[in-house]
Amino acid sequence: MFYTSTRDKSIKVTASQAIAQGISEEGGLFVPCEMPQFSMDKINSMVKMSYIDRAKTVLKEFLTDFTEDELSYCVEGAYSADKFSSAAIAPTVHIDGNKNILELWHGPTCAFKDMALQLLPYLMTVSAKKTAEGKTIVILVATSGDTGKAALEGFKDVDKTKILVFYPVDGVSPMQKLQMTTQEGENVSVCAINGNFDDAQSAVKSIFTNSEIKNELAKKNMMFSSANSINWGRLVPQIVYYFSTYCDMISMNKINAGDEINVVVPTGNFGNILAGFYAKQMGLPIKMLICASNSNNVLTDFLKTGTYDKNRAFYTTTSPSMDILISSNLERLLYHMSGNNDSLVADLMKQLSENGKYTVSDELIGKIQNTFDAGFTSETDVDETIKNHFDKYNYLCDTHTAVAVKVYDEYAARTGDDIPTVIDSTASPYKFSKSVLSAISGGNTPQLDEFSMVDELNRVTKAEVPAPLASLKEKTVRFNNVCDKENMSEMVFKLLNL
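All chains use their own residue numbering, which begins from 1 and follows the written sequence. Note on the predicted model: pLDDT of at least 70 is required for a residue's local features to be given, and 80 or more for side-chain atom pairs to be given and counted; whole-chain, interface and lining totals, by contrast, use all residues. Derived side-chain values reflect all non-hydrogen atoms in the structure, with water molecules and hydrogen atoms excluded from consideration.

**Student:** Help me understand the overall build of the chain in this model?
**Tutor:** Each helix is a run of DSSP H or I of at least 4 residues and each strand a run of E of at least 2, with the numbering of both proceeding from the N terminus. Looking only at helices and strands, one finds 22 helices and 16 strands in the chain. Just to be clear, the radius of gyration here is over C-alpha atoms, and the globule rule we use is 2.2 Å times residues to the power 0.38. A globule of 498 residues ought to have a C-alpha radius of gyration of about 23 Å, and the chain, at 21 Å, matches this closely. When its C-alpha atoms are laid out on the principal axes, the chain stretches across 60 × 50 × 45 Å. Think of it in three bands: residues with accessible area under 20% of the maximum for their type are buried, residues over 50% are exposed, and the middle band is partly exposed, with areas taken using a 1.4 Å probe on protein chains only. Buried residues in the chain amount to 61% of all 498 residues. A sequence separation of at least 24 residues applies to 75% of the contacts in the chain between residues at least 6 apart. Should any heavy atoms of two residues lie within 4.5 Å, those residues are considered in contact.

This is the structure we're talking about:
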């Protein structure tokens, strides 16, 4: 299996090269040159497997330059029982009728990013030995909340790595901020920026492709890589849980092998839903992928009209991991759906960079619409959905999951398409205690500190508080750096002591 770039398909690299490098030299994203195919018999054979064995079955098709022992070392280390609070790793919970929720937040940071970021450090270490022996890999991360902590936790004290995380100073929840600023580990650094996630992400991508900065790192035997979903090693583990939830649906007698399902994903950077698209391309019977956005509904507009326009108001919402106007992974979808047209993708990304917008052809958006639907949810609807879902089903959603639930309910009512459906639940409600408690109590939010808020939410709902969040109360804040977005490259040098 080889990988090429969305902006230059003459490039051909191995999985290890793609993972270690993170992003292609010219700024494109690595994509597989072909898609492995899974027959229904093969999918059916995975039903009785553990999550670890399902992961090995899927990943070995993409990581063909990894030996069987190397792959086992990576997968078994990532998904060990002591790291996840559920033996199923990513359990599927039946709610009502054809509605099911895929809980992706049972890992050490209580967000879906753990599903990939517990594995990525293992993949990165093995890849570096194959392609960059002796070099220290500097992981550079922009985060809208969850990726930062999950990456910090995954890479802390990993040999031959350093990790630098940048987050928007006012764009994460108090719990997300605490998770990052109290992070332990000798090789970790965290810095807030005066700006939003898109500012941080754009600066990170610019630093990645800055030859002066890369040359300075090379002098110290260092190289950049990424833990954001622009890195193929971050994206490929996410394909696994779509196969896993389908197998669980068969085990739960909610579907028969071969039945189609719909998948609903609260979406920001488009990586999570793109992994579902890859699973569908591989043969998993997914009918529609439903993209759920909050008030920052740039993806909804694109999927409905074919015009992507980031020149719009930016909203800071109660679902901060979706407060994004530049969805990086959409580039990969455009490449695949356009018949691997790298020159088209390069031109569209240039238009986005220079003008903040682009429009695709009617033919291309029509092809995308055959697979993707989209909707968005206002802040008021998020609160009502959390409360109604809890009152009706005694199931507590976080704010991001509530966006997806509401968009799905509207999709099913609008289309009549109510086949068995899986809704991704991307974070523990306790990561957003104030917002969730306010929703549950009809807007009557008590004036409490963050941890008293957690206790009150637990008292009201009886939902279990994840241990990693409860333990934050005792931790000391280690990082209080803040910089302007224009000064991020200087901050990188400062944090690396260069």
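**Student:** Help me out: how do you make sense of the packing of helix α11 (residues 232–251) against helix α12 (residues 271–281) in this one?
**Tutor:** What describes two packed helices is the angle between their axes and the distance between those same axes. Taken N-terminus to C-terminus, the directions of α11 and α12 make an angle of 60 degrees; their axes are 8 Å apart at the nearest point. One way to sum up the angle between α11 and α12 is to call them oblique. Like other packed secondary-structure pairs, α11 and α12 cross with a definite hand, here right-handed. Across from Trp232, Leu235, Gln238, Ile239, Tyr241, Tyr242 and Phe243 in α11, the residues of α12 making contact are Gly271, Asn272, Ile273, Leu274, Ala275, Gly276, Tyr278 and Ala279. Angles shown run from 0 to 180 degrees and are taken between the N-to-C directions of axes, each axis being a line fitted to C-alpha atoms and, for helices, limited to the stretch in contact. Roughly parallel here means an angle under 35 degrees, roughly antiparallel means over 145, roughly perpendicular means 65 to 115, and every remaining angle is called oblique. Less than a right angle of anticlockwise turn of the near helix away from the far helix marks a crossing as left-handed, whereas a clockwise turn marks it as right-handed.

**Student:** Quick question: what am I supposed to make of the sheet that holds strand β1 (residues 3–5) here?
**Tutor:** In a beta sheet, neighbouring strands are held together by backbone hydrogen bonds and run either parallel or antiparallel to one another. One bridge is not enough; two strands pair if DSSP finds at least two bridges between them. Read across the open sheet, the 3 strands follow the order β2-β1-β3; overall the sheet is antiparallel. Of all the strands in the sheet, the pair left with one neighbour each is β2 (8–13) and β3 (30–32). With direction set aside, neighbouring strand axes in the sheet form an average angle of 40 degrees. Strand direction decides the pairing type here: β1 and β3, joined by 3 bridges, are antiparallel. By the bridge assignment, Ser5 is partnered in β3 with Phe30. Across the sheet, helix α14 (residues 330–337) lies against β1, β2 and β3, angled at about 45 degrees from β3, the strand it touches most.

**Student:** Whenever I open this one, the nonpolar core confuses me. Can you help?
**Tutor:** As a rule of thumb, nonpolar side chains are buried together in soluble globular proteins. Think of a nonpolar core as a cluster: buried Ala, Val, Leu, Ile, Met, Phe, Trp, Tyr and Cys residues, connected wherever their side-chain atoms sit within 4.5 Å. With 110 residues, the main nonpolar core has Ile239 and Leu334 as its most contacted residues. A total of 12 residues in this core trace back to one element, the largest contributor, which is α11. Ranked by size, the runner-up nonpolar core spans 39 residues in total, among them Trp105, Ala292, Tyr411 and Ile440.

**Student:** In this structure, what is going on with the side chain of Ser144? I would like to understand it.
**Tutor:** Summarising the element assignment, Ser144 is placed in the loop between β6 (136–142) and α7 (146–155). Beyond its immediate sequence surroundings of up to four residues, Ser144 is in contact with Gly171, Val172, Gln176, Phe197, Pro320, Ser321 and Ile324.

**Student:** Would you mind going over the packing of α7 against helix α8 (residues 174–181) with me for this structure?
**Tutor:** Contact geometry of α7 with α8 gives a least axis separation of 9 Å together with a crossing angle of 25 degrees. Considering the angle they form, α7 stands roughly parallel to α8. Here the hand of the crossing between α7 and α8 comes out left-handed. Of α8, the residues touching α7 (which contributes Asp146, Gly148, Lys149 and Leu152) are Gln176, Gln179 and Met180. Of the residues contributing to the contact of α7 with α8, the split by class is 2 nonpolar, 3 polar and 2 charged. By the convention adopted, Pro, Cys, Tyr, Trp, Phe, Met, Ile, Leu, Val and Ala count as nonpolar, Lys, Arg, Asp and Glu as charged, and the other residues, Gly among them, as polar.

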